[in-house]
Amino acid sequence: MAVVRTLRTAGAVVATTAAALLLPLTTTPTAQAAPPSLLAPDTEGLTPQLAIAYTLAAHEAHAAGVPLWINSGKRSRAEQAALWRDGLRTYGSASAARRWVLPPNESTHVTGQAIDVAPRAGAAWLQRNGFRYGLCRSFDNEWWHFELATLPMTPCPPRVPDASARPRR
Ligand SMILES: [Zn+2]
């Protein structure tokens, strides 16, 4: 019992100290705002695994002075449908459009399993180093599109030429 009581006392001290440390924050004008996410910007809606893997990779890239951000991550079905319609208009046929954009029921952006990153230097860094976090470039024709495609520290699978060459899910 004595041990339990000591632990409880220690816990109370820690909690009190933590509250005291947090106190100055609660007095700032932004006290009502939600605490900042620990995840990288624009990871909302991604699978937790992808959000965490990208966050870790982005931290490392930024620490090395490499610019890297997400241009497009999770997309709603409506957003993807609009992109698909644009693609059909731009490329003239479904088979041509599929090289660059997939309909909502096939896009890994809709399921939160893909990110399009920028700028090019950051994407090149991620292509070299992403495998350490399980992140791989998917397509030969899209230098910006990455997915979780391997276990951390294991090589990425071979890229496919474009999205139309990927087996339908
Ligand atoms: Zn993409």
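So, here is what we can say about the structure in this document. In this text, all values refer to a predicted model and were calculated from it rather than measured experimentally.

## Considering the overall build of the chain
- Helix and strand counts for the chain stand at five helices and four strands.
- Beginning at the N terminus, the succession of helices and strands in the chain can be written as α-α-β-α-α-β-α-β-β.
- Summarising the internal contacts of the chain: among those between residues at least 6 apart in sequence, 54% fall at separations of at least 24.

## Some details on the pairing of strand β2 (residues 115–118)
- Of the two faces of β2, the one lined by Ile115 and Val117 is fully buried and the one lined by Asp116 and Ala118 carries no buried residue.
- Here strand β1 (residues 69–72) pairs with β2 via three bridges, running antiparallel. Opposite Trp69, over in β2, you have Ala118 as the bridge partner.
- Inspection of the sheet shows β2 paired to strand β4 (residues 142–148) by two bridges, in the antiparallel sense. Bridge pairing in β4 places Asp116 opposite His145.

## Focus on the sheet that holds strand β3 (residues 135–139)
- Here four strands make up an open sheet; going across it, the order is β1-β2-β4-β3 and the pairing antiparallel. Lying at the two open borders of the sheet, with one neighbouring strand each, are β1 and β3. Strand-to-strand twist in this sheet, taken as the mean axis angle between neighbours without regard to direction, amounts to 50 degrees.
- Sitting on the sheet, helix α5 (residues 120–129) touches β1, β2, β3 and β4, and the angle it makes with β2 is about 120 degrees.

## Some details on α5
- The set of residues buried in α5 consists of Gly122, Ala123, Trp125 and Leu126. Here the buried residues of α5 occupy an arc of 160 degrees about the axis, which is enough to place them on one side. Exposed side chains of α5 directed beyond 90 degrees from the buried face belong to Arg120, Ala121 and Arg128.
- Looking at the buried residues of α5, the elements they touch are α2 (48–63), β1, β2, β3 and β4.

## Overview of the nonpolar core
- One finds Tyr54, Ala57, Ile115, Leu126 and Leu135 to be the most contacted residues of the largest nonpolar core, which totals 23 residues.
- Broken down by element, the residue count for this core peaks at seven residues, all from α2.
- With seven residues, the next largest nonpolar core counts Leu83, Val101, Phe139 and Ala163 among its residues.

## A short note on unusual backbone geometry
- Across the junction of Ala118 and Pro119, the peptide omega takes the value -10 degrees, indicating a cis bond.
- Along the polypeptide, Pro119 turns up in the loop between β2 and α5.
- The phi dihedral of Asp42 falls on the positive side, at around 65 degrees, and the residue is not glycine.
- Tracing the sequence through the fold places Asp42 in the loop between α1 (2–26) and α2.

Rules of the game
Residues numbered from 1 in each chain as written. Predicted model: local features only at pLDDT ≥ 70, side-chain atom pairs only at ≥ 80, totals over all residues. Helix = DSSP H or I, 4+ residues; strand = E, 2+ residues; numbered from the N terminus. Contact = placed C-beta atoms within 7 Å. Buried ≥ 20, exposed ≤ 12 C-beta atoms within 10 Å, placed from the backbone. Pairing = 2+ DSSP bridges. Axes fitted to C-alpha atoms, helices over the stretch in contact; angles between N-to-C directions. Arc of directions from axis to C-beta. Core = buried A, V, L, I, M, F, W, Y, C linked by C-beta atoms within 7 Å.

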